[in-house]
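# Examining the three-dimensional arrangement
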Amino acid sequence: DMVPFDKMYDIDKWIVSELNNLCEKVRRAYETYEYHIIYHEVHDFCTNELSKLYIDITKDRVYVEEKDSFGRRSAQTAMYICVNYLTRLLAPVLSYTAEETWSYMPHLDGENAESVFLNDMPEYNEKYSCGELSEKWNALFAVRDDVMKAIELARVEKLVGKSLDAAIVIYGSHDNDAIKLFEEFSDDLKTVFIVSKASVSEEPCPEGAFTDTASGIAVEVSPSSGVKCDRCWYYSEDIKTDADGQHLCPRCAAIVKKISLGKK
């Protein structure tokens, strides 16, 4: 079942809202015969908002959470809306690809499953508009690269391997706009930066912290403490070992236990 838009996780609402804005731009470009705008807008959306940000950040939730969990269904709903809209938006210029994609997709009530061309082009939908929320997430993503640069440098220096091997502390003064944002998103930072631990500090940054940032913050990257979960690859101080010798964090242990009980 699809999750209602107003019940989705905030980042899921964000990607649908960005898709909705894309739809408005693409429709306008079709109406004015500016096909190069269609190509650039769709390509940029798929490369940046969808791939670089949304899919990378939410893949843990989609891969790791329980199959029918609300969080997983919320992400799947957002992804389905993206596929549905993009397939119909691209049908006039990528006809065969859109038609093949449409033939493999599940369809909503009122849609014609026979052909993508027997359905209307999607329109801007006011219910998917969430200006304040989108502005907040876009502001966060605008300064995210400063932190990701620090993590990438730590990888180059072989301080950490994958980003989940890292724990980060972000330093900056209380009047720094980026620090204000990070503090507001404190519960989401670990997920947004795809690290095992993330925190914000207004203390002076330690020597060796990454300071080559556009936002004026400093980032300290260190190897994560604890033990790596064999299932989600996050590090945890509270790892449990199951009967098969697998190291599982509390989240994964609970999911595996529920799955095992369901099979009995």
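Residues numbered from 1 in each chain as written. Predicted model: local features only at pLDDT ≥ 70, side-chain atom pairs only at ≥ 80, totals over all residues. Heavy atoms only, no water.

## Considering the side chain of Asp60
Mapped onto the fold, Asp60 is located in helix α2 (residues 35–64). Ignoring anything within four residues of it in the chain, the contact list for Asp60 reads Glu65, Cys232, Tyr234 and Arg251. (Helix = DSSP H or I, 4+ residues; strand = E, 2+ residues; numbered from the N terminus. Contact = heavy atoms within 4.5 Å.)

## Digging into the packing of aromatic side chains
Taken as a whole, this structure holds eight aromatic pairs when the rule is applied. A centroid spacing of 4.8 Å and a plane angle of 75° characterise the contact between Trp137 and Phe185, whose relative ring orientation is edge-to-face. Within this pair, whereas Trp137 is found in helix α5 (residues 131–156), its partner Phe185 is found in the loop between α6 (177–184) and α7 (189–193), the two being separated by 48 residues in sequence. An identical accessibility class is assigned to Trp137 and Phe185; each is buried. Of note, Lys228 hangs over the ring of Trp233, and the distance from its end group to the ring centre comes to 4.9 Å. (Phe/Tyr/Trp six-rings, centres within 6.5 Å; stacked < 30°, edge-to-face > 60°. Buried < 20%, exposed > 50% of the residue type's maximum accessible area, 1.4 Å probe, protein only. Lys NZ or Arg CZ within 6 Å of the ring centre and 35° of its normal.)

## Some details on the nonpolar core
Of all hydrophobic cores here, the largest spans 58 residues; its most connected members are Trp14, Ile15, Trp137, Val147, Ile168, Phe182 and Phe193. Elements with a contribution of two residues or more to this core: α1 (10–31), α2, α3 (70–90), α5, β1 (166–171), α6, α7 and β3 (218–223). Ranked by residue count, the leading element in this core is α1, at ten residues. Residues within four places of Ile15 in sequence aside, it is in contact with Phe45, Glu49, Leu50, Tyr54, Ala78 and Cys82. Core analysis: the next-biggest nonpolar cluster, separate from the first, contains ten residues, Val64, Leu164, Cys232 and Cys249 among them. (Core = buried A, V, L, I, M, F, W, Y, C linked by side-chain atoms within 4.5 Å.)

## Points about the sheet that holds strand β2 (residues 197–201)
The three strands lie next to each other as β2-β1-β3, forming an open sheet whose pairing is mixed. The two strands at the open ends of the sheet, each matched to only one other strand, are β2 and β3. On average, each strand axis in the sheet is inclined to that of its neighbour by 15°, with strand direction left out of account. Where α5 meets the sheet, it contacts β1 and β3, and its direction lies at approximately 40° from that of β3. (Pairing = 2+ DSSP bridges. Axes fitted to C-alpha atoms, helices over the stretch in contact; angles between N-to-C directions.)

Geometry only, nothing functional implied.
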